[in-house]
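Close look at the chain arrangement
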Amino acid sequence: MATGKGSGSRLNRLQFKQKLVTSSTKPITTQELLKRLKNLFGEISKTDQEEIETESLKNVTRELIHNTLLSHKDKGVKAYVACCISDLLRLYAPDAPYTDKELRLIFEFFVRQLQNIANTNGTYFDLYFHLLENLARVKIVLLILDLQNYEELLCELFKSTFDIVRPDMSNTVRLHMADILEQLINESHSLPQDVIDIVLAQFLQKRKDENPTAYRLACDVCKASTEKLQRYVCQYFTDVIVAAGKTGTPTEELNDFKTAHDLIKELNRSAPGLLLNVIPQLEEELKLDDLNLRMLATQVLGEMFSEKDSTLASRYDNVWKMWLLRRNDKIAEIRCAWTEYCLPLYINHHELAKQVNEAIITKMSDPDEKVRVAVCKVFSKLEYECASKLVDKELFIELAKRCRDRKHSVRQQAINALARLYNLAYIEIVDHDANAIEKFGWIPSEILNTLYTNDNEIIACVEKALHEEILSNNEDSVRMDHILVIFGSLDAKAKKGFFSLFQRQRDAINDMETFLRSCEKYKDNGTSEEVENLSNTLNQIVRRIADKLPDPLKSVNHLSTFPQNHDARVYKLIRDCMNPQSDYKTVRQSAKDALKRIEQIAPSSLETFSILIRRISLTIINKDLIPFLMTKIKSTDSELHSESSIVAHEFFKDISSRFPAIFRPHLDKLIRALKEEEDSLIVDDSLEALSKLSIAFPDEAPQDKESIQRLMEFALGGSCFQAKFAAIVLSHTRHKQQICGELLKKIVPKLSITSPNILANLSVLSQCVLYSPKTYEEKSDAITNFIVKQLIMKSNQGAAMETEVDWVDDDELDDECKAKVLGLKVLVNRLVAVSETETVAEIAKPVFKLLWTLIRGGGEILPDKSTSLSFQSRLRLAAARSILKLAQKKIYDEMITVEQFQELALMIQDPCYQVRLAFASRLVKYCGGYQLHARFLSIFFLIAHDPMKDIKDMVKVFLIRYSQTARAIRSDNSTLIDMTLVRLIHLLSHHPDFSCEPKSLREFIVYINFFLETIANRENVQFLFHIATRLKQVRDAQSLDQCENIYTLSDLTQHLIQAKCKTHSWSLSPFPSQSKLPPELFKSIPNAEVVSEIMKKNYIPNEFLKELEKTHGSSQNKGEKTNKKGRPKSTTQTPTKKRKVNAEPSENSQATTRTLAPRAAKSKVQSMAIDSNSSENDDADEDADEDTEEETNDL
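Under an unreviewed UniProt entry, the name given to the protein is ARM repeat-containing protein, and the organism recorded is Gigaspora margarita. Here the protein is described in UniProt, under the heading Subcellular location (unreviewed entry), as follows: "Nucleus".

1. Examining the overall build of the protein
Each helix and strand in the protein was counted, giving 58 helices and four strands. Looking at the 1195 residues of the protein, the share that counts as buried comes to 57%. Within the protein, contacts between residues at least 6 apart in sequence are counted, and of these 75% link residues at least 24 apart. In the form shown here, the protein has an accessible surface area of approximately 51600 Å², with 48% of it arising from carbon and sulfur atoms.

2. Some points on the packing of aromatic side chains
In total, this model carries 36 aromatic pairs according to the counting rule given. Both rings, one in Phe41 and one in Tyr80, keep their centres 5.9 Å apart while their planes meet at 65°; by these two values the pair is edge-to-face. Highlighted residues: Phe41 in helix H1 (residues 30-44) and Tyr80 in helix H4 (residues 75-92), separated in sequence by 39 residues. Among the residues examined, Phe41 registers a relative accessible area of 14% and is labelled buried. Take Tyr80: its relative accessible area is 12%, and that puts it in the buried class. Ring plane angle 50° and centroid distance 6.3 Å describe the contact between Phe499 and Phe502, whose orientation is recorded as tilted.

3. Examining the environment of Ile185
Residue position: Ile185 is located in helix H8 (residues 171-187). A relative accessible area of 0% places Ile185 in the buried class. Separated by 36 residues in the primary sequence, Ile185 and Val221 place their C-alpha atoms 8.8 Å from one another. When neighbours within four sequence positions are excluded, Ile185 is seen to be in contact with Phe158, Leu191, Val221, Ser225, Lys228 and Leu229.

4. Details of the pattern of salt bridges
The tally for this structure, following the rule as stated, stands at 62 salt bridges. The partner of Asp405 in a salt bridge is Arg372, with the nearest N and O atoms 2.7 Å apart. One end of the pair, Asp405, is in the loop between helix H23 (393-401) and helix H24 (408-430); the other, Arg372, is in helix H21 (residues 369-380), and 33 residues separate them in sequence. Put simply, Arg876 and Asp910 hold a salt bridge, and the shortest N to O gap is 2.5 Å. Of the two residues, Arg876 sits in helix H47 (residues 869-886) while Asp910 sits in the loop between helix H49 (898-905) and helix H50 (913-928), which places them 34 residues apart along the sequence. Judged by relative accessible area, Asp910 falls into the buried class, the value being 0%. Look at the salt bridges and you will find they share partners, linking Lys208, Asp262, Lys265, Glu266, Arg269, Glu303 and Glu307 into a network.

5. Considering the nonpolar core
Core analysis: the largest hydrophobic core is formed by 389 residues, its most contacted members being Tyr346, Phe379, Phe515, Phe651 and Phe936. Once residues within four sequence positions are removed from consideration, Phe651 is found in contact with Ile483, Leu484, Phe487, Phe498, Phe499, Phe502, Ile620, Ile621, Leu625 and Leu629.

6. Let's talk about helix H57 (residues 1102-1111)
Among all positions in H57, only Phe1104, Leu1105 and Leu1108 are buried. The buried residues of H57 occupy an angular sector of 105° when projected down its axis, which confines them to one face. Structural note: H57 exposes Asn1102, Glu1103, Lys1106 and Lys1110 on the side pointing more than 90 degrees away from its buried face.

7. Overview of unusual backbone geometry
Residue Pro94 follows Ala93 across a cis peptide bond; omega there is 10°. In this structure, Pro94 sits in the loop between H4 and helix H5 (100-114). The backbone of Asn454 shows a phi angle near 55°, a positive value even though the residue is not glycine. In this structure Asn454 comes out as buried when scored by relative accessible area, which is 15%. Positive phi, normally seen in glycine, also occurs at Tyr930, with a value near 55°. With respect to the secondary-structure elements, Tyr930 resides in the loop between H50 and helix H51 (949-969).

8. Brief notes about the packing of H5 against helix H7 (residues 151-164)
Running from N to C, H5 and H7 cross one another at 10°; their axes reach a closest spacing of 10 Å. In terms of orientation, H5 and H7 fall into the roughly parallel class. Contact with H5, carried on its side by Arg104, Phe107, Glu108, Val111 and Leu114, involves Leu153, Glu156, Leu157, Ser160 and Ile164 of H7 and no other residues of that element.

9. A short note on the environment of Pro367
Among the structural elements, Pro367 can be located in the loop between helix H20 (353-360) and H21. Excluding residues that lie within four positions of it along the chain, Pro367 makes contacts with Arg335, Arg372 and Arg406.

Rules and cut-offs
Residues numbered from 1 in each chain as written. Predicted model: local features only at pLDDT ≥ 70, side-chain atom pairs only at ≥ 80, totals over all residues. Heavy atoms only, no water. UniProt positions renumbered as here; feature names shortened; annotations may be inferred. Helix = DSSP H or I, 4+ residues; strand = E, 2+ residues; numbered from the N terminus. Buried < 20%, exposed > 50% of the residue type's maximum accessible area, 1.4 Å probe, protein only. Contact = heavy atoms within 4.5 Å. Areas by Shrake-Rupley, 256 points an atom, 1.4 Å probe, with all protein chains shown as cover. Phe/Tyr/Trp six-rings, centres within 6.5 Å; stacked < 30°, edge-to-face > 60°. Salt bridge = Lys/Arg side-chain N within 4 Å of Asp/Glu carboxyl O. Core = buried A, V, L, I, M, F, W, Y, C linked by side-chain atoms within 4.5 Å. Arc of directions from axis to C-beta. Axes fitted to C-alpha atoms, helices over the stretch in contact; angles between N-to-C directions. Parallel < 35°, antiparallel > 145°, perpendicular 65-115°, else oblique.

Structure representation (structure tokens):
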């Protein structure tokens, strides 16, 4: 008897003696066979290897592999046979009692039987499980590896296993399967490529979706066999990458290549250890020339690096760094793809944020538009937690710069991103979170400052950002607090931008109302004359509206066809959006309904009307806001006004000027505030609002005795501010003549320079003369006598000091100077009021004489020359602005001679910075509203030598926009701005600094170049050259002595225009027609021979002509590089950095720019503010704050 291993005990013999296969003709029945197999299985399955004598197993060992059994039709028979054979192999282990051929048949048989294990409810499932368990636990399956050419069998086993695994199988079954495959992988000397393909195929998305259990099984197998599979997986991908690197990726192979990369991503999620040697291969792929391969590598690595819980970046530092460098790839599409993965990196890998910050910031200024858009999108999707903790403020600042990008798509994304970030941070900002305020508090200012670009697309984006992100809250109290918090955070420039949106809104509302009225009158059928008239009116308003929209051409088409719908409901809904009497909810609902209706009747116009309805909808400013603001203004902290009340006051003050109609429902509240409130701030604000309301709606002015009495108290005993606005309200009551008469009776007899109420009294007089001129005329002689003889022509000051400054701030300005300026206002307002009377010339003559005397004398009018420099600056500025104000009336404009106009023009070169700034700003305001004759445009170009960049930039922006707007709306205005060239040349020819010497010409080139820089373009350059040439066919109407100056400047201008055309490749063909020059400046020369002589002669000195050919032959702008001494400068150095509006001028900023004016004085005081807020009554608005103007003109 044989003995067991390591035991001296006696071994058992197999007790089963029955035959399984018979040689007789009578076969064993299936039932009997099953019974016998069951008995055999029962015995050997319970027998351990150490207990059985293998010699006794020989018969069954041979019978079980008989073909009769292996190919039996009954499943049960085959199941028992398989189990029995597996047990025999277990008992014989490690040596199998079969030949290689027999073993191959056996394992093929096993594979077929195991396919039935998928049926977990089958009769013989336990048998199949037993077979599987034997193969896994006893490692019988490893016998396959000893067979010759085992590869095919191995592949079949792997394939079958992954095919049969199902979700409803128990974990034990799946574990056994995993064990079998793991054993085969780990114990094999080499794995067939087909096996690797089968395993990796389970990770493909399609296969993963079909059989997720097979995917999980593959994951388990790969994790357990990582070390063995690494080499094979690496070789697999290496072959793919190397082949592609050599031959490129034809279109037909690209999909397979993408599949391979998708497989890498999935392996990284499920079995990252397999990619130990594959990831470095991807690094090499990043360097390939083939675009498709480089793109795939960038995307694959980006996705793997950015996946949550991924440690790839830390494990493959070199690969990470190489991937970061793809941000600089020569192909924009790859840079875009790289950028997209920065967002998930921020979200999932905070530890990598610093490196991402350093990398992505350079892409903010990428040369390709698509990359810049992609970067902006990253920040538009960041959540607050990531943005506040991980992203440096420097990146947000760079993002803000993209708001001024040259491409609209970038600007739009940048503005949207910033607006969303601010909206996310708002709660923390309100809670005074220092980090939130530091990182995001500046965003509204930055967004609003983009309005200064004057780009219609940017303006539309800003409006959308404000309405949909920054001010998106719908709850009344929260929304109003939101408005004040944002407004309070704005810098000075941004506040002007914010207010400019309201001005634009007011203009848009007026245009929309005109448009709707035209739509209502529109007729499809009618007389040809009616149709033509209506079409002309409609076209004019359509062009005006479309010119302010992002796409004017498309907008014109949408607006022109809109009246054909004849939809009265839409008209009503649009009107409700912009009705000052609508509350916030009504406005929002009306806007929503209007857009919904427009989408139904004119879907192609939806985008255009979305911008328009957003612009006109009173969602920020509406009647609901007024009580809230008044409450805020009244709130105080002890004796000092709280910050919120000051902000509310500033906001309240502006909207009262722009939208007085929204105060109509709150008239009683305004009047009650005047009667009951002691707080001066709310009283002042209520008075001003009431005055604006009274001007716009005279019938709304209070008429009751108590209110009038209270207003009389303000007019006679209040501050200068209160007296003025009280007088405006009283001047609009039904009995204004009587009331103003009473005011004059009480004020005029007590007029005295020493009176404590002199400023308030003069303010009242300045309003009474405007709104009740008949009553004023009764006392006009006494008032005029006092103003001229006792106020302006006298001084209570001592002699001017040598070291005196030429400007002081409003708060420090002496009351005497304020009184003199107010006195001038009274005189000027009188002229405004009587401009249409018969006695106008008689009244105007002495006032004009006084104003011109002040301008010529530089503000000095006293015989003893004792006026201080600061007084002189104020007085000459007041005189110059008064001339501009009066020139809006045709009758007064005609009184200004050519010589006087030239004197006025030199005010823009005044030695005092604040005077230049204020004068230029007022000129911008009037010319921008087409309120002055076109000749005043020529004054702007004298700013070319100004040492202060802010003034020059303001004028430059205005001129460019004025030119563009004039061309878009009215062709005659376009001609006027172009014709300014000849007026400028005439003005320069009479400039006190001009001579025909090269030194002077060198300086005067800058003026002409400034004109060409702002006005000249491809369309008008022929006309400009034509009129410049025409100047040599006329003579100076003002003085024959100056003709040579004009001819010299004409030749100089022609040369500069030719140089500019050459630089910009513009054609300069002859202008097809003749143009008439201004007759007040030029007269024709009757002698044709003289004209011919002048035309042939070049008046530019030969020496300077050679210099011109050198400096301007190659670059038209070289004149800018000449020494800018056209106006004598002070010896101090002009600062080069950009000045802020209303910023304090440095001591070095003063430059003498006018030799005939008083010398420039150094000043450390604040420049005066410039008020350009327009109102329903321009004269009243100027008088509201004549000494202060806000520079919103470049908006």
